[in-house]
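Single-letter residue listing:
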Amino acid sequence: MAKSSKNIQPALKFNIKYAPAPESVSAASINEQYNLFINGKFEKPLSKKYFDTINPATEQKIASVAEAGTADVDKAVKAARAAYNGHWGKMPAKERAKYIFRIARMIQERAREFAIIESLDGGKPIRESRDIDIPLAANHFFYYAGWADKLNYAFPNRNVSPLGVAGQIIPWNFPLLMAAWKIAPALACGNTVVLKPAETTPLTALKLAELIQDCDLPPGVVNIITGAGETGAALVNHPDIDKIAFTGSTEVGKIIQRATANTHKKLTLELGGKAANIIFEDAPIDQAVEGIINGIYFNQGHVCCAGSRLFVQESVYKEVLQKLKDRIATLIVGNPLDKNTDVGAINSKQQLQTIQKYIAIGKKEGAEMFESSCALPNKGFFCRPTLFTNVAQSSRIAQEEIFGPVLAIQTFRTDDEVIEKANNTPYGLSAGVWTNKGSRIFNITTRLRAGVVWANTYNKFDPVSPFGGYKESGFGREGGLHGLNAYVK
Amino acid sequence: MTERIDVLKTYKLYIGGQFPRTESGRYYAVKNANGKLIANMCLASRKDFRDAVVAARSAFSGWSGKSAFNRSQILYRIAEMMESRRTQLIDELLLLGYKSVDANNEVSAAIDRMVYYAGWCDKYQQVFSSVNPVASPHFNFSVPEPTGVVAIVASQQSALIGLVSAIAPVIAGGNTCVVLAAEQLPLSAISFAEIIHSSDVPAGVVNILTGKVSELLKYFADHMDVNAVVTYQLTNQEMQLVKEKSALNVKRVVEYNAISWLDDTAQSPYFITDVQEIKTTWHPIETVAAGKSGY
Amino acid sequence: MPAVTAFLPDFRNTPQIDHVGVEERAARFTKRSIKTESKVEGLKLALNMIDLTTLEGKDTDGKVKQLCYKAMHLHDAYPGLPTVAAICVYPSMVAVAKKALQGSNVKVAAVATAFPSGQASRDVKLRDTKFAIDQGADEIDMVISRGKFLQGEYNFVFDEIAAIKEACGNARLKVILETGELVTYDNVRRASEIAMYAGADFIKTSTGKIQPAATMPVTLVMLEAIRDFYYRTGKKIAMKPAGGISKAKAALHYLVMVQETLGTDWLSNEWFRFGASSLANDVLMQLEKERTGVYQAANYFSID
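What you are looking at is a predicted structure, and each value in this text was computed from that prediction instead of being measured.

Q: What is the right way to look at the overall build of chain C in this model?
A: Across its full length, chain C holds 12 helices and 8 strands. Against the 2.2 N^0.38 benchmark of 19 Å for 304 residues, chain C shows a C-alpha radius of gyration of 19 Å, consistent with a compact globule. The principal-axis extents of the C-alpha atoms in chain C amount to approximately 55 × 45 × 30 Å. When burial is assessed residue by residue, chain C has 58% of its 304 residues classed as buried. The contacts of chain C with a sequence gap of at least 6 include a subset with a gap of at least 24, amounting to 77%. Surface accessibility of chain C: about 11,300 Å² in total, with carbon and sulfur atoms responsible for 50%.

Q: Looking at this structure, how should I read the sheet that holds strand E7 (residues 206-209) of chain B?
A: Strand pairing in a sheet relies on backbone hydrogen bonds. The paired strands run either parallel or antiparallel. Residue and element names in this part refer to chain B. Spatially, the 5 strands line up as an open sheet ordered E7-E6-E5-E8-E9, and their pairing is parallel. Of all strands in the sheet, those bounded by a partner on one side alone are E7 and strand E9 (252-256). Averaged over all pairs of adjacent strands, the angle between strand axes in this sheet comes to 15 degrees, irrespective of strand direction. In this sheet, strand E6 (residues 176-180) lies alongside strand E5 (residues 149-153) in parallel orientation, the contact comprising 5 bridges. Bridged to Ala-151 within E6 is Val-178.

Q: How should I be thinking about helix H9 (residues 236-246) of chain B in this particular structure?
A: An α-helical segment advances 3.6 residues per turn. Residues three or four places apart therefore align on the same side. Taken as a whole, H9(B) has its buried residues at Met239(B), Val242(B), Lys243(B) and Ser246(B). Taken around the axis of H9(B), the buried residues stretch over an arc of 95 degrees, which confines them to a single face. Close packing links the buried residues of H9(B) with helix H10 (250-259) of chain A together with helix H8 (213-222), strand E8 (228-232) and E9 of chain B.

Q: Would you take a moment to explain the sheet that holds strand E16 (residues 430-434) of chain A for this structure?
A: Read from one edge to the other, the open sheet built from 10 strands follows the order E13(A)-E14(A)-E15(A)-E12(A)-E11(A)-E16(A)-E17(A)-E10(B)-E4(B)-E3(B), with strand pairing classed as mixed. Single-partner strands in this sheet number two, and they are strand E13 (368-371) of chain A together with strand E3 (130-131) of chain B.

Q: Got a minute to help me understand the pairing of strand E9 (residues 243-247) of chain A in this structure?
A: The side chains of a regular strand alternate between the sheet's two faces. Residue and element names in this part refer to chain A. Among the 5 residues in E9, 5 count as buried, and that is most of the element. Of the two faces of E9, both are covered, the one formed by Lys-243, Ala-245 and Thr-247 as well as the one formed by Ile-244 and Phe-246. The pairing of strand E6 (residues 165-169) with E9 spans 4 bridges and is parallel. Opposite Ile-169, over in E9, you have Phe-246 as the bridge partner. With 5 bridges joining them, E9 and strand E10 (residues 266-270) adopt parallel strand pairing. Bridge pairing links Lys-243 to Lys-266 in E10. Handedness of the crossover joining E9 and E10 through H10 is recorded here as right-handed.

Q: Before we go on, may I ask you to explain the packing of aromatic side chains in this structure?
A: Aromatic ring pairs are defined here through the distance separating the ring centres and the angle between the ring planes. Applying the stated rule across the entire model yields 30 aromatic pairs over all chains. Relative to Phe403(A), the ring of Trp172(A) lies with its centre 5.4 Å away and its plane at 85 degrees, an arrangement referred to as edge-to-face. With Trp172(A) in the loop between E6 and helix H7 (175-188) and Phe403(A) in the loop between helix H14 (396-399) and strand E15 (406-412), the pair connects residues that are 231 residues apart, well separated along the chain. Ring geometry for Tyr256(B) against Phe271(B): centres 4.9 Å apart, planes inclined by 45 degrees, an arrangement best described as tilted. You can see Tyr256(B) sitting in strand E9 and its partner Phe271(B) sitting in helix H10 (residues 269-273), a full 15 residues away along the chain. For Tyr256(B), a relative accessible area of 11% puts it in the buried group. When its relative accessible area of 11% is taken as the criterion, Phe271(B) is described as buried.

Q: Even after reading the chapter, I still don't get the interface of chain B and chain A, so can you show me in this structure?
A: Many analyses report the size of an interface as the accessible area lost when the parts associate. In this complex, chain B contributes 43 residues to the contact, which on the side of chain A involves 44 residues. Summed over both sides, the interface of chain B with chain A buries roughly 3,200 Å², with 54% coming from carbon and sulfur. It is Val250(B), Tyr270(B) and Trp282(B) in chain B that bury the most area against chain A; as a group they hold 21% of the surface buried on that side. Remark: the boundary between chain B and chain A carries 1 salt bridge. Two residues, Glu277(B) and Arg477(A), come together in a salt bridge whose shortest N-O distance is 3.3 Å. Our enumeration of links across chain B and chain A arrives at 24 residue pairs in polar contact (both at pLDDT 80 or more). Of all the secondary-structure elements, those providing two or more residues to the side of chain B that touches chain A are helix H5 (124-128), strand E4 (138-146), H9, E9 and strand E10 (276-284) of chain B. It is E10(B) that contributes the most residues to the side of chain B that touches chain A, 8 residues altogether. Per-class residue counts for the side of chain B that touches chain A are 18 nonpolar, 17 polar and 8 charged. Bridging between strand E17 (residues 452-455) of chain A and E10(B) involves 3 bridges; their strand directions are parallel. Its bridge partner being in E10(B), Val452(A) is matched across the sheet by Thr280(B).

Q: Even after reading the chapter, I still don't get the nonpolar core, so can you show me in this structure?
A: Where a protein is soluble and globular, its nonpolar side chains tend to be buried together. Residues Leu208(A) and Ile208(B) are the most contacted members of the largest nonpolar core, which totals 190 residues. It is H7(A) that contributes the most residues to this core, 11 residues altogether. In terms of domain composition, this core takes at least three residues from each of domain 1 (25-271 + 471-487) and domain 2 (273-455) of chain A. Leaving out residues up to four positions away in the same chain, Ile208(B) has contacts with Leu13(B), Tyr14(B), Ile167(B), Val179(B), Ala181(B), Ala189(B), Ile190(B), Phe192(B) and Ala193(B).

Q: So what exactly am I meant to see when it comes to the state of the cysteines here?
A: What is meant by a disulfide is a covalent connection between two cysteines, made through their sulfur atoms. A full pass over the atoms with the stated rule returns 0 disulfides over all chains. Not engaged in a disulfide, the cysteine Cys215(A) finds its nearest cysteine sulfur in Cys189(A); these two sulfurs lie 19 Å apart. There is no disulfide at Cys88(C), and the cysteine sulfur nearest it, in Cys68(C), is 11 Å away. Residue Cys88(C) is classed as buried on the basis of its relative accessible area, which comes to 1%.

Q: Whenever I open this one, the UniProt feature "domain: Aldehyde dehydrogenase" (unreviewed entry) in chain B confuses me. Can you help?
A: Mapped onto this structure's residue numbering, the UniProt feature "domain: Aldehyde dehydrogenase" (unreviewed entry) falls at residues 24-253 of chain B. For the annotated span residues 24-253 of chain B, helix accounts for 51% and strand for 19% of the residues, and the straight-line distance between the end C-alpha atoms is 28 Å.

Q: What exactly am I supposed to notice about the pattern of salt bridges here?
A: A pair can form between side chains of opposite charge whenever their charged atoms are brought close. Under the defined criterion, the tally for this structure stands at 76 salt bridges over all chains. Here Glu56(C) ties to Lys58(C) by a salt bridge, and the two come within 3.3 Å at their closest N and O atoms. On the basis of relative accessible area, Glu56(C) is assigned to the partly exposed category, the value being 34%. Residue Lys174(C) is joined to Asp141(C) by a salt bridge in which the shortest nitrogen-to-oxygen separation is 3.1 Å. Placement of the pair is Lys174(C) in strand E5 (residues 172-176) and Asp141(C) in strand E4 (residues 139-143), with a sequence separation of 33 residues. Asp141(C) matches Lys174(C) in its accessibility class, with the two residues each being buried. Overlapping salt bridges, with partners in common, bring together Asp286(A), Glu319(A), Lys323(A), Arg189(C), Glu193(C), Arg227(C), Asp228(C) and Arg232(C) in one network.

The rules we used
- Residues numbered from 1 in each chain as written.
- Chains lettered and ligands numbered in written order.
- Predicted model: local features only at pLDDT ≥ 70, side-chain atom pairs only at ≥ 80, totals over all residues.
- Heavy atoms only, no water.
- Helix = DSSP H or I, 4+ residues; strand = E, 2+ residues; numbered from the N terminus.
- Rg over C-alpha atoms; globule rule 2.2 N^0.38 Å.
- Buried < 20%, exposed > 50% of the residue type's maximum accessible area, 1.4 Å probe, protein only.
- Contact = heavy atoms within 4.5 Å.
- Areas by Shrake-Rupley, 256 points an atom, 1.4 Å probe, with all protein chains shown as cover.
- Pairing = 2+ DSSP bridges.
- Axes fitted to C-alpha atoms, helices over the stretch in contact; angles between N-to-C directions.
- Arc of directions from axis to C-beta.
- Right-handed = clockwise from strand over helix to strand, strands pointing away.
- Phe/Tyr/Trp six-rings, centres within 6.5 Å; stacked < 30°, edge-to-face > 60°.
- Buried area = accessible area lost by both parts, 1.4 Å probe.
- Salt bridge = Lys/Arg side-chain N within 4 Å of Asp/Glu carboxyl O.
- Polar contact = N/O pair within 3.5 Å; in protein donor to acceptor, adjacent residues only side chain to side chain.
- Nonpolar A, V, L, I, M, F, W, Y, C, P; charged D, E, K, R; others polar.
- Core = buried A, V, L, I, M, F, W, Y, C linked by side-chain atoms within 4.5 Å.
- Domains from an automatic or database assignment.
- Disulfide = S-S within 2.5 Å.
- UniProt positions renumbered as here; feature names shortened; annotations may be inferred.

Listed below in structure tokens is the structure:
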């Protein structure tokens, strides 16, 4: 192709700076201290312990949050069991549905407040929490609410019933959205839940608890307990749990799979990923560049389905790389609450260290690093959008999940080669393919061993669209018709 | 007049479309109720299992890539072959001590079950797929796809119908498998392998081992190239082992308990979907000339 | 200036456009929140980029003179405002406008080549152009032959642009693609390349006579074509969206898009224009609002 003969040299100049446009924090009310939401009430922890949740953009404390001990977990599970055996289990499905609709509506009403708190507590840009996380969370409840009295149509020739009490553990990258992904289908199918949000991002789940109180949901149907790994372990190991749903790292997922081995707890796991994003020479290049950006720098790269391995066909490699670098130069990194911020704060100091460790590994492995030249704030946890070229399939930065804004770029020549490389990973959560040729799209999307495949788009989510992995990326689906299967027997 | 001496059959393993003896050279005796030797079976080893997984893995892309219609015809062909070897299958059950009427019923049910799943091959995707009406301008659909290599521990209480009921849904869905037959009721398993072998089933799609659950179970669960383990009627203790080992590579564990094999409840498309993954695909839909706005 | 190449561009180098993707990207620019000093600066820049336009059959000397006065005195109550970039008129009005604008930096642009349809012979189009140049036009806004383009006669379109460019002499040539008639983004992208390779100084979306006129996605497609042309040749091409941009907020979104696609070098009226008639007053209202802190009413701003 003539594409390789292209003479690319002139450089564009980007010096993007807009006056600060911060979202007003006063639109959200946050308590100084939060207790555990058990049986419809906020209860002081029996453990008597609290921990701080901080704003990763400023490193300042936002609130102190109760740490649930074993006795607290037991109390929550008992409340959930009582609710399951009591009013919730006996309630007609159409009434159950109305409660879930109520939750959806009330999230919509308080969307701005939720968005602000999500960005404060987790570091994600307000544009994303406002336009993606919170609306999707509300829509997820709305979607599953409608399923509650229609389950017979979801499972042909099969009479399904709820599992009972579900223990749900969610990560810090999409706090409210993950809570919605867990709670909504569980309630729609008639289960009761005990949910544990991540210790660095508990606040929107606790606000959801307040909202659930306002919805008059019967006590015990949803219990929200905060804490770290030990609290999660106590929940996983509680004997009266019927189902564990976990989203998080593959490492912890395996621990949970082992921990539940001597039980009959049903299990669904949504774990890590190292997705291939594949750009063919006939791709819509400019939209593909946007897809690469959205694939790896969305939510600071804290996305299990992030397109962290980029494969570019050699004939368009130079062009894609130049466009990618120019696009990176326009990304605004900084205050998550500023409406113009594209890349916010890294969720925690620990995660920032992990990312920095991998950047060092990449350099040591001989890959060539490029990072955005943007200024970073003096305080808080920030990382420039980064990419590596000259990466080999055997590089650690191409194999291991970094969970940050770090892209590993490889080139390829043929379809077969790229499919083999794309599938050459223990993970199988997601993948992307960019080409203008329809028949190629169907070939590649069929042959990629991944649960979600985006063709000529990336990182799209919708309540009706099932999400979940192949291989070590976990099992079970969340979202859509297929997401119901995780909560019935 | 001298009586004709029967030619006895050597029962071997079925791996990668061949009938090797176990690499270990070990055997175990299967006897009838009177204690008379029926056959010496291969006592499959860890390495036999390994070889079978290699065969199953290399057969996977070919088998899953076949058209559903083609898989359907091949499964139906298996049923045809079973029917033509009906007498052999019944005789082997009788050897194992079945009553004649039970042997007849089981073979009939096994053949019918294979026909049942032959019919599902090109239908379960239709029933369990969805087109998902997302809120953005994208076409979004979800389809079941085979999970990969499936290790099956067949029912230890059934000679033929349990085995057929376990294998059929797994391969109907495009998976390949390694199956451990019932330790004490293994004859039909190897005869079934011969049927498979003469039914256009590509080598490696079905691999059948005879041996001990107690010895092989942990390898079924800990092999890193196995995607799912399907078990029938194992004890809690055995299941704990399977689940613990499966965590090594996040295997799907599918556990079935009491099943009345001859009954219609022992068959459903849900046995197929239990070893399927759901793949969701997104693609933009352009809106040129869609109503009022050209752009 | 001679054309960069005498040949059609190699369309194998032209990326395909995904419709949904480009619209998503365009929408993303509208999420930028432009406040306080950035806003004031942006609004003044927008004013300075306007080609204040009157293209009516009923245009008269009187109308054009009034418009020219407005071009130089947008809102004298607000000190320190820039003028617009140019007045855009039919060739018959060039002399009047030229005279009225004497002493200012405001340029006179003439729509030529059988505007807006372009359905005339090459000869007529050339004479139309030369007439406008002779009358003193600083810039020529030509239309491409969309019919020929849609017939696939790219060479015809290319040669025509090159011929007009030659006739322009030192005047800058704006090539109007009339994107509303090209319908697909792929066509727009391809037409942009033809125009740039044939010697266009500007590429321009629309005549304003066909709906849809300028939109953000179609402008983005053209900006990306300009960027790729610059990558390949080092030559800067200017951009002019025209028609349908009447609000200050929209103008700011366009400026964000220019800045984030082509960089800061394109943020002047040498490289970017708005073809608009009613945009100026809305920008003025917003500037006054920023200055006084109170929302404005149309009657406080002159309509010319």
